[in-house]
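Coordinate analysis (summary)
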Amino acid sequence: MGLMSNQPEKTKGPDLEEARLRQQAIGVKLRQMFDDVVNEPVPDEFLDILRRHDERAGGK
Amino acid sequence: MGLLDRLAPHLPYVRRYARALTGDQAAGDAYVRASLEALAAGEASLPPHLTPRVALYYVFHTIWGGTGAKLEPSEDGGDGSDPSRRLMRIPPRSRQAFLLTALEGFNPSEAAQILEASPTEIETLISQAQAEIDAELATDVLIIEDEPVIAADIEALVKELGHRVVDIAATRTEAVEAVARHRPGLVLADIQLADGSSGIDAVKDILGRFNVPVIFITAFPERLLTGERPEPTFLITKPFQPETVKAAIGQALFFHPSAGRAAA
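Residues numbered from 1 in each chain as written. Chains lettered and ligands numbered in written order. Predicted model: local features only at pLDDT ≥ 70, side-chain atom pairs only at ≥ 80, totals over all residues. Heavy atoms only, no water.

Our focus in this paragraph is the overall build of chain A. A tally of helices and strands in chain A yields 3 helices and 0 strands. Reading the helices (α) and strands (β) of chain A from amino to carboxyl end gives α-α-α. Evaluated residue by residue, chain A yields a buried proportion of 33% over its 60 residues. Accessible area of chain A: about 3,900 Å², with a carbon and sulfur share of 51%. (Helix = DSSP H or I, 4+ residues; strand = E, 2+ residues; numbered from the N terminus. Buried < 20%, exposed > 50% of the residue type's maximum accessible area, 1.4 Å probe, protein only. Areas by Shrake-Rupley, 256 points an atom, 1.4 Å probe, with all protein chains shown as cover.)

Tallying secondary structure elements over chain B gives 14 helices and 5 strands in all. By residue count, 58% of the 264 residues in chain B fall in the buried class. Within chain B, contacts between residues at least 6 apart in sequence are counted, and of these 67% link residues at least 24 apart. Per element, the accessible surface of chain B, about 10,400 Å² overall, is 52% carbon and sulfur. Distance from the positive charge centre (24 side chains) to the negative charge centre (36 side chains) of chain B: 4 Å. (Contact = heavy atoms within 4.5 Å. Lys, Arg positive; Asp, Glu negative; His and termini not counted. Charge placed at Lys NZ, Arg CZ, Asp CG, Glu CD.)

Opposite the 42 residues of chain A that make contact, chain B presents 57 residues. When chain A packs against chain B, the two sides together hide about 4,700 Å² of surface, and 68% of this comes from carbon and sulfur. The interface formed by chain A and chain B holds 4 salt bridges in total. We note a salt bridge from K246 of chain B to E18 of chain A, for which the minimum N-O separation is 3.2 Å. For the pair chain A and chain B, the interface holds 12 residue pairs in polar contact (both at pLDDT 80 or more). Each residue belonging to the side of chain A that touches chain B can be placed in one class, and the counts come to 22 nonpolar, 8 polar and 12 charged. (Buried area = accessible area lost by both parts, 1.4 Å probe. Salt bridge = Lys/Arg side-chain N within 4 Å of Asp/Glu carboxyl O. Polar contact = N/O pair within 3.5 Å; in protein donor to acceptor, adjacent residues only side chain to side chain. Nonpolar A, V, L, I, M, F, W, Y, C, P; charged D, E, K, R; others polar.)

With the rule as written, the count across this model stands at 4 aromatic pairs over all chains. Taking 5.4 Å as the distance between ring centres and 45 degrees as the angle between the ring planes, the aromatic pair formed by Y17 of chain B and Y57 of chain B counts as tilted. Pair noted here: Y17 of chain B is in helix α2 (residues 11-22) and Y57 of chain B is in helix α4 (residues 52-66), with a separation of 40 residues, a long-range link. Side by side, Y17 of chain B and Y57 of chain B carry an identical accessibility label, which is buried. Through pairs of rings, three or more aromatic residues link up here, namely Y17, Y57, F60 and F106 of chain B. The positively charged end of K29 of chain A is found above the aromatic ring belonging to F255 of chain B, 5.5 Å away from the centroid. (Phe/Tyr/Trp six-rings, centres within 6.5 Å; stacked < 30°, edge-to-face > 60°. Lys NZ or Arg CZ within 6 Å of the ring centre and 35° of its normal.)

The end-to-end C-alpha distance of helix α3 (residues 44-58) of chain A is 20 Å, a good match for the 21 Å that 15 residues give at a rise of 1.5 Å each. Along α3 of chain A, the residues classified as buried are F46, L47, I49, L50, H53 and D54 of chain A. Around the axis of α3 of chain A, the buried residues are gathered within 155 degrees of arc, so they sit on the same side. Those residues of α3 of chain A that are exposed and angled more than 90 degrees off the buried face are D44, E55 and R56 of chain A. Structurally, α3 of chain A contributes buried residues whose contacts are with α1 (3-7), α2 and α3 (25-40) of chain B. (Expected span 1.5 Å × (residues − 1). Arc of directions from axis to C-beta.)

Another aspect to go through is the nonpolar core. A general tendency of soluble globular proteins is for nonpolar side chains to be buried together. With 77 residues, the main nonpolar core has L30 of chain A together with F98 and I249 of chain B as its most contacted residues. Other than its neighbours up to four places away in sequence, I249 of chain B contacts L157, V158, L161, H163, L186, L188 and I215 of chain B. (Core = buried A, V, L, I, M, F, W, Y, C linked by side-chain atoms within 4.5 Å.)

Okay, the packing of α4 of chain B against helix α7 (residues 92-103) of chain B next. Residue and element names in this part refer to chain B. Remark: α4 packs on α7, axes separated minimally by 13 Å, with the N-to-C direction vectors making an angle of 165 degrees. Here α7 runs roughly antiparallel to α4, going by the angle between their axes. The interaxial crossing formed by α4 with α7 has right-handed handedness. Contact with α4, carried on its side by Y57, H61 and W64, involves P92, R93, R95, Q96 and L100 of α7 and no other residues of that element. Taken together, the residues of the contact of α4 with α7 break down into 4 nonpolar, 2 polar and 2 charged. (Axes fitted to C-alpha atoms, helices over the stretch in contact; angles between N-to-C directions. Parallel < 35°, antiparallel > 145°, perpendicular 65-115°, else oblique. Left-handed = near helix turned anticlockwise from the far one by under 90°.)

Encoded structure:
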């Protein structure tokens, strides 16, 4: 499936370790921003899809 | 163990990832739902060599990567907030690598399993994401610092990030004059200035005129903690690690409304 997986390797840009540090600093704030998504209940519909599958599989 | 037991604990997080990736909760949920339906119908399966959480993101990736990544609008997608807009500017596959590691906390080898990528490709994608973020956030910077050696250090690291230093002010008066000449997109400020004036006062003057992200870099953090602290501000203690300052700059700009190129 790897679309775009043959990107050239030369354009590495910023130092990798430093990039990771800087991205983690953004990630911490993104987690705060999306806290409400994690804390709200998962839609019942999603759980029902899985539950119906398990009932069919278990009823075999 | 059924799908429900294996996957339910991870659903809040894959919904968060989907929201961040697509810029929209309804769109993100549609792909989560499609992934779960594919699993329930037997059209997709959880690779047995992966942990349930990694396997769920892998299935989500095959569903979204097959359609969503190709369909998304090229510009200004997302829920309209500035951080979302900035995320959407990162090309899809680099955005995935960035979000899987920085937001979802997967290590690079897990991200490689999810994206069916080599570890080398993950490194490349992370670097590309960073280059894109740097380009998006590039702005004009005012440094308020009275010690020339420190000012030069700060100037060098700011330039390494691709920003332009428009002025270095050594006093409150110079700082106010500098912003009158050119409105910066970011202010880096010391607190104790040459003529006995205060960087905090300088920043209050500036924030009274326009909204700009501010990072205080100071050997006297207690002055900022005890006094009236202007918002929005970040605080770094001297002596500073260059990486810390760089990380704070990226964080301040990424989450500031209308920061970046269009600073004015």
